[in-house]
Amino acid sequence: MTLVPHHNDILFGRGTAINSHRGNQRFRSMVSEQRPLFAVVKRKQKRIIAAEIIGVIRESGGRFLMEDPEGGGRRGGKDGPDGGGSDVDGIHPTILSREWVVVDEDKVMTKVMHRLRDSNRTPGEGEKKQKKEETQRQPDALAEGAASGDAPGYDSDGGDSFFDQLFESDRTGGSGNDAEGSVEFELEDVDDNVAAFLREFSAHHDDDPIEEQQREFTMRQWLEKCKSDGPGGEGSGHANLSARLTVALKLVEILIEAEKDERNGDENPIPLSSFAAGNVLIRVKEVESTLGDGLGTKQTEEAIDHVIIMSLIGDNPEAGGTVERLFALGLVLYELFSGGEGPPAEDGPSSGDAPLFLNSIDLNGDDARSDRPRKKSHRSEDWRSECVSDIRRAGVPYSLCALAGNLLDCGRGDARDDDAYSSFADVRSDLRRMLDDPSRFLDDVGTRPMPRLSIRDELYGREDELRRLADVYREHVAGRCGGAKISGKAGVGKTELAHRVVRPLTGDGRFLVAKFDQNKAANPLAAIGSLFNQLCDLFAQDATCAQLRTADEALDEALGVQAALLAGVVPSLSKLMPSRPSPGYSVNCIDSGLSIRFLFGELLRVISKISEPRRISFLLDDLQYADPVSLLLIGSIISSNEGNKVFFACCYRDDEVNENALFSQFLSSIEAFPSIELKNMTVDGLNELVSDALRVSPRITLPLSSVIHHKAGGGNPLFVRQLIASLEETGHIYVNLSHPRWDWDLDKIRDLEISEDVVALLIEEMHRLHADLQLGLKIASCVGSRAKHAVLDILSRDVGRDLVDVLRQIAKKGFMNHLGDRAEFAFAHDKIQQAAYELMPERERREKHMRFGLAICAHAMESGPENDAALFFMAVDQINRGGPGVAEDEGQRRMLAALNLRAGRRAVEFSDFGSAFEFCERGVSFLGDGNHWITDYRLSLDLFDAASESASVLNNGKAVSRYTQELFSHARCPDDKLNGMQAVTKILVNDWFNRDAVESSFKILTMLGERLPRRLGDAKLDAAMDATNDALDNTTNQTILGMEENPEKKRFVTLMKLYALLGDCFQSFEPSLFGATCHRMIELTLENGLCDVTPIALALYGEFLVSMGKLDLGIRLGGLALILVEKKGFTRCKSHVIATVSQSISWATTPLQSIVDAHLTGHREGQLSGDQLCSQMNFTFSLLTNYSSGQCLSDARNDSRRFALKSLRDNIVVSFDHIALLHVHSCALIEGLQVLDLDSIDDLPGANKILLNERNKGESSLQLNHKFYWLMRAFLFRQLDDVATISNMLLDEKITIYSLVLTGLFFECLICFQLARRANGRCVDSLEWLARGESVLRKMRKWNETCVWTFEHKVLLFEAERKYTLGELDEAESLYARSIRSANEHKFMHEEAIASELAGDFFYETGRPSRARPFFLHSVECYERWGALAVARRVEGSVRDKFGSTELGRTDDSLASALASKVIHSKKRRGQE
C-alpha cells in the first residue's frame, strides 16, 4: 500500500528534499543529543537508546518510510539539488511525487544504530571538510571492546570500558569538583596523536574521579618502564612475561569483540590502519599481595587493568580481512615481546626508518596516502625467521616465539605454513594456555636430562559425563537416588570418572573402593569383606567415645549372636563390638549366605546412621567379574539401603554383560539407578590429551591426534596412552633440540602398522623390557591384579630375585602402581595384567601357578592356615590354576585334593558356599578316575559329601543329583549316605511347593527304613497318638528340656529334617497327612533325645493338637518350643518356631495385637539366621493377623502392596499370593466389589489372576483364605443368597486354626444366624443353620476361657444373635450392648461396627426404629474409621431407605441414644487416655 508522508515521518533516501524534511531534521537532532551517552554505555544499553528514539518518533505519529522499490515511478514534480518545485502543506513536492512504504523493523534499528555511531557525519560537505581539518590529529574514539579486569577472559557487555570509568561520576550523580579525583596524564615521550588526545580529554574531564593508583601508558612507554623496573634495568624477559601475555590476551579479546560487532551487521570499530603498536594504550593499577614468606608480609605491585586500541579520525575505515588483521597483531606482538620498535624491513632499514604497509594502509599511523589499493606485500620466510630470532634473543620462550612467528607468517599470503593462524580464537586459546599453565605450554622443554613424555591423570573430553554423575550425586544427597551405573568398554575411564566426581562430593565422608578381579579372588568375599573392613577401621578411627558406645549397643541389637559369623569376613568388626565372640562359622544358621547378606545390610545401616551427616560412598569396580555370592550380597545391601544413605557407584563393562546371566539379573535389580555410558574419546577430546602431553597448541597437534584416534581403537583412552608411550619409545615422538619442544614425524606414524588390540600393543612394549622386568610382570600377573609385599617376599626366595625391587622398576615404567601405604603393587589396568599373562604360553602359566601355589602353601602351613586364611586360599587357588595336568605324581594329586577339601570347609566357615563348591569340585578333579573310591575311599566320601552340601545350599539341584548318585552307588554302608540324603533334603526344602518334592522325600524315607505317613482317621495312627499324648502328659517340662542332645546321630537328624520338610508341605497340600508327620517327629525325639530340629517338632505337633481341640497339651508344647529355641544350639530354627506357635497356637492365649509383634520378631530372626522361608512367612502372618485384629484398611492395603512388590523384586514367591489376595480384599472393602473384576490393582494382580495361577493349583491354604474373604464380603455387603447354597462350610474342613480362620469362623457364625432367621418358616432349614451357628459358638466359648481379650465380644455377639433368632429379645438387647462395649474395650473396631449394625437391625426389625438409628449411625462411623468406606456407604444407603434422608439425623429415643452415646464416649475417653 502506497503511503503519503507527513511532517513527523522519517524518510530514507538521498537528496536535499529528504535531507531538509522536518521529520528527518528532528531525527538528526535527537540522535545528536543521544550520541554522547551512546558512546559510553555498554552494548545492550546502546540498543535501548536506539529503541527509545524509535519509540519517541512513533509516539508523535511518525513512521519510518522508504521509496517503494516496486513502485511505478514518480507521480510528478521535480527533484533537483535546489529543491525545485513548490511545497504542499510544507512537504516538498519531490517527496509527494514518490511512492512510499514502511521500512522493516530490522532496517529501522540498523539505521538508527548507524546514525548514533556515525559521529563524524554532518549534513554539509563544507562542514565535513572543516571538521576534518580541525580534528585531523585528534583521536576520535576508543574501541568499544576495550578489555578490562585482571584475569583473562573478557565480556564486552559485562565489563566497564575506558569511557565507562571516566564518565561514571556524571552518570551516577557523583561530585565532579574534587581536585583529588582529577585525571593526570604523563605526556612525556608520548606519540603526538596520543598526547593530543590526552590533553584534549584531560581538559574536558578534569572533574572525573579516577583512582590515584591507576596510571596509563602507551605500549612503548609501558615497555620502557618494564625494562627499567626489571633486574639490572634489563628485565624484559621472564620478569614481565606474564604481564606481557596479559596485554597480548586483552588485545586479542578486543579484536574478537570487534569481529562480533562486524558479524552482527555493525561496523568494525577498529580499522586496520589503527591497529598498530603506537595506538595501544595500557592502564595499570596497583594491587596489594602477600609475600610467600610465611609472615603475611604485604607488598604492592602493578597489574594490567585495561588495554585500549585507539582509532584516529581520517584513518582508512576498512577493517581488512582476518589474515591481514592477524598479521597486524603479529607486528604488535613483535614489539611487545622483543622490546624493539618494529620488525626489521625486508630490504634492510628498520621500521623506524620506513613505515610498514598492509593493503596500502600505513600501520605506523600515517594516513596521508592514496586510497588506491596496492598489491599485497608478501613477507619472506627469512624475514619471519629474523623476527622470531629477535624475540628469542629477548629471552622469550620458544612457544611464544612460535606464536608470534605464526602470526607474522600470515603476511606471506598463500605461501604461509600450515601452522599459521587462521582465527583470533585460536590465538586467544594459545595465550590462555600459556597464562594458565606456563610450565606446560610456555616454558621451554628442558634437555638436561632429556625429558620423558608424561600424560596427566586427567579425564579428557568427559565434561558431559562428569556433569551428569555430579547431578546424580546431588539427587542422592536429596534422598532421591541410591547410586549410578557407569558402563563402557575396558579402558574408557569408568573408574577414574567415579573417583573424580564421587570422591570429592563425598567431602569429609568415607569413600571406599571394592575392585573385582577377572581371575576371581580365591579368598571368599575378599572384595566386599575388605570394603567393610576399611569402613569399620575408618569409623573406629574417627568416631567419638559416645558414638562407639552407641554403635556397640546398636550392632549388638541388630546382629545378635550372628555377629561372630560376620566377624569372620569383617575382622575389624571387633573394633566396634569388643565384647562379642571371636570370628567363626555360626551353626545357628539355616542358610549362612542369606544370613550374612542381612548382617552386612544391618552393619551398613548402623554405621551410616551414626555417621550422619557424614556420607558414605562405595565404588564397586569391574562388577562384571564379581562372583555370584558377592553379586547377591551387593544386591541385598543396595536393596536394604533405606533412605539412600549410602551412594553406590557401580562400574562394569557393558560388552561383557551378555555372557553373564546372573550379572544381567543384578543389573535389573538396580534398574532405578541412572545409567552413564562412557564411549571412546572423540578426536577433539583426544587432541586435548595429546596437546597437554606434548605441550603444544591443540591446533598444531590436531593432525597427529586424528592419526592416533584412528590407530588406537577409535580413541580408547587406555589404548591412546599406551600408543603414545610406544611412539615415544620408538622415536616417532621426540624432543626437537633446535626448537626445545616436543615434535613428531607424522608421515612415519601414519604409515605404522599397529595392532587394533591394546593387549597386542602392550605385549610388544613388554618384549622390549629387560628379562628381569618381564619375569616380574609374569609373576605378578599370575598372582593377580594386586601383589602384596608379603607374597612377593615368599616368591622371591623361590625364584632368586628381589621381586619387590623388580616391581618398583616396573612401576616406573607405568605398568603398575606401587601402593606404598598398603605394601602392595597393583596393575595400572587389567588389560596390562592380561598382556603380562599372555607373555607366557599356556603350559608355562600352569607350571608357574603350581610352583607358586606350592611355595605359598608351604609358608601358610608353617603358620597354620587358620591364622592366615587369605594366604591359604591364595595358595590353593594357585595350585588349582595349575591343575592336575602338572602334578608330579598320584601322591601329590591326592595331597592337592585334600588341600581343596580343607579349603572348601574353610570357605563354608566364611559362608561362601560358592567358593566351597568350587574347591570341592577341584578336589574331585585331582582324584582322577573312579579308582579313587577304592584307593582313597574316606577322602572321596568327604569330598563328595562336601560338594553335595555346598551345592544344596546354592540350590544347584543338578550338581546335588550328580554327586549324590555317585556317592550312593559307592557308599559302603547306609550311614555313609546320610550326608548325601541331607543334601537332597535341602534341595527339596528349597522346592517345597513342588509335589515332586514329597515323592522324593517318600523315597528317602523308604531308603531309611521308615513307614510312609498315615492319614487322619487311621485306627493305628489314632492309637499311636493317644499313647504319645499320654506319655507327654506324664512327662514334665523340665524332663523334656533336659533330654540328651544327640546331634551326631546322622540318621535321627536326617529323619527329623525330612519330616519337618514334609510337615510344612502337608500343611498346604495334604492336611490329612500333617498329623502323622508331626507325631512321628515327637516319637523320634522321645526315642533319641534332642537335636536342632526338636523345637520345630514340638511346635508342629502342638499346632496339630490345638486344631484337634486339645488346647492344653498343644499350648504346652508350643511354650516348650519357644523356650527351647532360646537355648544355644537351637536358635537356628527360631523363626520357624515363632511362625508356627504364634500363628497356630498363641491365638488361643494371647491377644491378636500382641501376636503381630511376635511375628515381626520372627521375621527378623529369620533374616538373622538366613531362614528366608520362615522370615517371609512370619511377615505374611503379621499382615494377616493385623488385618484380623482390625487394622485400618488403608494401612493394610499399603503394607500388603509394599511387601508383595518387594517379594517380586527379591524373586521370593513364597506367600506372595496370600499377600496379594489380602490386598485385593482390602481394596474391595475400601472401593467396592467392582474391583474384584479387575486384572490388576495397584500394580498387583487381581483376584482372578491369583487364583488361576498355575502354582496355586492344589494349594489348599490359599483356596481356604479365598473362601474366608468371600464369606466376609458376603456378610459385609449382605449378599447371602449365594452363601445359602453352599453345603460345606468351614466347619466341614479339617484345618489348622490361625487368625484368618478365626475371622472366617466369626463371619460363618453370623451368616448362620442370619440365614436361620431368613428361613421363612422352613423349620428344617432354620434349625440346620441355627445348629451350625451354635457349633461355632461352642468353640468360641471354649476359646474364650483361655483368651477373653480376643473372644469375649465375639461370644457376646453370637449369644445376642442366637437369642434374637430364638425370640428371646430382652436378653438379646442386653447382649448386643455388652458386645459393642467389649469390642470397643479390646480394640476390635471392625467388629464393633458389625455389632452396632446388627444391634440396629435388631431394633429396626423388632419395630423400634428410633432406637435402631443411633446404632446404625455408630456403625457407619466405625466402618469409616476402619477404612471400609464401601461398607459404610452400603449402611448409609440402607439407613436412608429405612428412614428417609430427612430423618437420618433424628434421635427420638433417649434410651437408645444414651446407650450408643455411652459406647461412643467411653471409646473416645479411653482413646484420649
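As a reminder, the structure under discussion sits directly above these lines.
Here is what the cut-offs are and how they apply
- Residues numbered from 1 in each chain as written.
- Predicted model: local features only at pLDDT ≥ 70, side-chain atom pairs only at ≥ 80, totals over all residues.
- Heavy atoms only, no water.
- Helix = DSSP H or I, 4+ residues; strand = E, 2+ residues; numbered from the N terminus.
- Contact = heavy atoms within 4.5 Å.
- Areas by Shrake-Rupley, 256 points an atom, 1.4 Å probe, with all protein chains shown as cover.
- Pairing = 2+ DSSP bridges.
- Phe/Tyr/Trp six-rings, centres within 6.5 Å; stacked < 30°, edge-to-face > 60°.
- Buried < 20%, exposed > 50% of the residue type's maximum accessible area, 1.4 Å probe, protein only.
- Axes fitted to C-alpha atoms, helices over the stretch in contact; angles between N-to-C directions.
- Parallel < 35°, antiparallel > 145°, perpendicular 65-115°, else oblique.
- Left-handed = near helix turned anticlockwise from the far one by under 90°.
- Nonpolar A, V, L, I, M, F, W, Y, C, P; charged D, E, K, R; others polar.
- Patch = residues over 30% accessible without salt bridge, like charges linked within 9 Å, V, L, I, M, F, W, Y side chains within 5 Å.
- Salt bridge = Lys/Arg side-chain N within 4 Å of Asp/Glu carboxyl O.
- Lys, Arg positive; Asp, Glu negative; His and termini not counted.
- Charge placed at Lys NZ, Arg CZ, Asp CG, Glu CD.
- Core = buried A, V, L, I, M, F, W, Y, C linked by side-chain atoms within 4.5 Å.
- Disulfide = S-S within 2.5 Å.
- Expected span 1.5 Å × (residues − 1).
- Arc of directions from axis to C-beta.
- Polar contact = N/O pair within 3.5 Å; in protein donor to acceptor, adjacent residues only side chain to side chain.

Another aspect to go through is the overall build of the chain. Regarding its fold elements, the chain presents 64 helices and 22 strands. Within the chain, contacts between residues separated by at least 24 positions form 72% of all contacts whose residues are at least 6 apart in sequence. When the accessible surface of the chain is split by element, carbon and sulfur atoms take 47% of a total near 63900 Å².

Take the sheet that holds strand E2 (residues 64-67) next. Strands sit in the order E1-E2-E3 across an open sheet of three strands; the sheet is mixed. Of all the strands in the sheet, just strand E1 (10-11) and strand E3 (100-102) have a single pairing partner and so form its edges.

For the rest of this paragraph, the subject is the packing of aromatic side chains. What characterises a pair of aromatic rings is the spacing of the ring centres plus the angle enclosed by the ring planes. For the coordinates displayed, the defined rule picks out 31 aromatic pairs. Summarising the aromatic geometry, the rings of Phe27 and Phe64 are spaced 6.4 Å apart at their centres and angled 90° between planes, so their arrangement reads as edge-to-face. Note that Phe27 is positioned in helix H2 (residues 22-40) and Phe64 in strand E2, a separation of 37 residues in sequence. Across this residue pair, the class does not change: Phe27 and Phe64 are buried.

Here the focus is the pairing of E2. The pairing of E1 with E2 spans two bridges and is parallel. Following the sheet pairing, Leu11 is matched in E2 by Leu65. As paired strands, E2 and E3 are joined by three bridges and run antiparallel to one another. Bridge pairing links Leu65 to Val102 in E3.

Moving on, we get to the packing of helix H61 (residues 1389-1405) against helix H62 (residues 1409-1426). For the pair H61 and H62, the least separation of the axes is 7 Å and the interaxial angle reads 160°. Classified by the angle between their axes, H61 and H62 sit roughly antiparallel to one another. With respect to the hand of their crossing, H61 and H62 are arranged in left-handed fashion. Touching Met1389, His1390, Glu1392, Ala1393, Ile1394, Ser1396, Glu1397, Ala1399, Gly1400, Asp1401, Phe1403 and Tyr1404 of H61 are Pro1409, Arg1411, Ala1412, Phe1415, Phe1416, His1418, Ser1419, Cys1422, Tyr1423, Arg1425 and Trp1426, all from H62. In the contact of H61 with H62, the residues fall into 13 nonpolar, five polar and five charged.

Looking now at the packing of helix H45 (residues 1050-1068) against helix H47 (residues 1094-1107). Viewed as axis vectors pointing N to C, H45 and H47 meet at an angle of 35°, and their least axial separation amounts to 10 Å. With respect to the hand of their crossing, H45 and H47 are arranged in left-handed fashion. Packed against H45, whose contacting residues are Met1056, Ala1060, Asp1064 and Gln1067, the element H47 presents Thr1094, Ile1096, Ala1097, Leu1100 and Glu1103 at the interface. Of the residues assigned to the contact of H45 with H47, the class counts are five nonpolar, two polar and two charged.

This part is about the sheet that holds strand E11 (residues 483-488). The strand order E12-E13-E14-E11-E15 describes an open sheet built from five strands, whose pairing is parallel. The open sheet has two edge strands with one neighbour each: strand E12 (510-515) and strand E15 (675-678). The average undirected angle you get between the axes of adjacent strands in this sheet is 15°. Across five bridges, strand E13 (residues 616-621) lies against strand E14 (residues 646-652) in parallel orientation. Note that in E14 the partner of Leu620 across the bridge is Cys650.

So, about the side chain of Gln1176. Examined against the element boundaries, Gln1176 turns out to sit in helix H51 (residues 1172-1188). Overall, the relative accessible area of 6% leaves Gln1176 in the buried class. Aside from chain neighbours lying at most four places away, what touches Gln1176 is Phe1203, Ser1207, Ile1212, Val1214 and Ser1215.

Okay, a negative patch on the surface next. On the surface, Asp1022, Asp1026, Asp1030, Asp1033 and Asp1112 cluster together into a patch of negative charge. The dominant element in the negative patch, judged by the number of residues it contributes, is helix H43 (residues 1019-1033), at four residues. Position of Asp1022 among the secondary structure elements: in helix H43. Looking at Asp1022, the relative accessible area reads 31%, which means it is partly exposed.

Take the environment of Val759 next. For Val759, the position within the fold is in helix H29 (residues 758-767). Take Val759: its relative accessible area is 2%, and that puts it in the buried class. Distance from Val759 to Glu838, taken between C-alpha atoms, is 8.7 Å for residues 79 residues apart in sequence.

All right, on to the environment of Tyr963 then. For Tyr963, the location among the structural elements is in helix H40 (residues 957-970). Put simply, Tyr963 and Gly980 are 17 residues apart on the chain and 8.2 Å apart in space, counted from C-alpha to C-alpha.

In terms of nonpolar packing, the biggest core is built from 322 residues, with Phe532, Phe618 and Leu623 touching the most fellow members. Here Leu623 is in contact with Phe516, Leu631, Ile634, Cys650, Cys651, Tyr652, Phe663 and Phe666, once residues within four sequence places are set aside. Residues Leu223, Val247, Ile309 and Ile391 belong to the second largest nonpolar core, which totals 58 residues.

A few words now on the pattern of salt bridges. What the rule picks out here adds up to 81 salt bridges. Salt-bridge contacts for Lys515 lead to Asp621; the nearest nitrogen and oxygen are separated by 3.7 Å. Of the two residues, Lys515 sits in strand E12 while Asp621 sits in strand E13, which places them 106 residues apart along the sequence. We classify Lys515 as partly exposed; its relative accessible area is 32%. Among the residues examined, Asp621 registers a relative accessible area of 5% and is labelled buried. With its nearest N and O atoms 3.8 Å apart, the salt bridge here joins Asp942 to Arg938. You can see Asp942 and its partner Arg938 sitting in helix H39 (residues 937-953), four residues apart, about one turn around the helix. Among the residues examined, Arg938 registers a relative accessible area of 46% and is labelled partly exposed. A single salt-bridge network, built from bridges that share partners, covers Lys515, Asp621, Asp622, Arg653 and Asp830.

Next up on the list: the state of the cysteines. Working definition: the covalent bond between the sulfur atoms of two cysteines is a disulfide. Going through the model one piece at a time under the given rule, you end up with zero disulfides. Cys650 takes part in no disulfide bond, and the closest cysteine sulfur, belonging to Cys651, lies 7.7 Å away. Classification of Cys650 by relative accessible area gives buried; the value is 1%.

Before going further, it helps to examine helix H17 (residues 463-477). Between the first and last C-alpha of H17 there are 21 Å, a value that for 15 residues agrees with the 21 Å anticipated at 1.5 Å per step. Within the sequence span of H17, burial applies to Glu465, Leu469, Ala470, Val472, Tyr473 and His476. For H17, the angular spread of buried residues about the axis comes to 160°, placing them on one side. In the core, the buried residues of H17 are packed alongside E11, helix H18 (494-506), E13, E14 and E15. Where H17 ends, the next residue or the one after it, Gly479, has phi of about 85°, a positive value.

Tracing the backbone through its elements, the reader meets Arg412 in the loop between helix H14 (398-408) and helix H15 (424-436). Polar side-chain contacts of Arg412 include one of 2.8 Å to the side chain of Asp409.

A few words now on the environment of Asp802. Topologically, Asp802 is positioned in the loop between helix H31 (789-799) and helix H32 (803-812). By relative accessible area, Asp802 is classed as partly exposed at 48%. Placed 30 residues apart in sequence, Asp802 and Asp772 show a C-alpha to C-alpha distance of 9.9 Å.

Function cannot be read off these values alone, since they describe shape.
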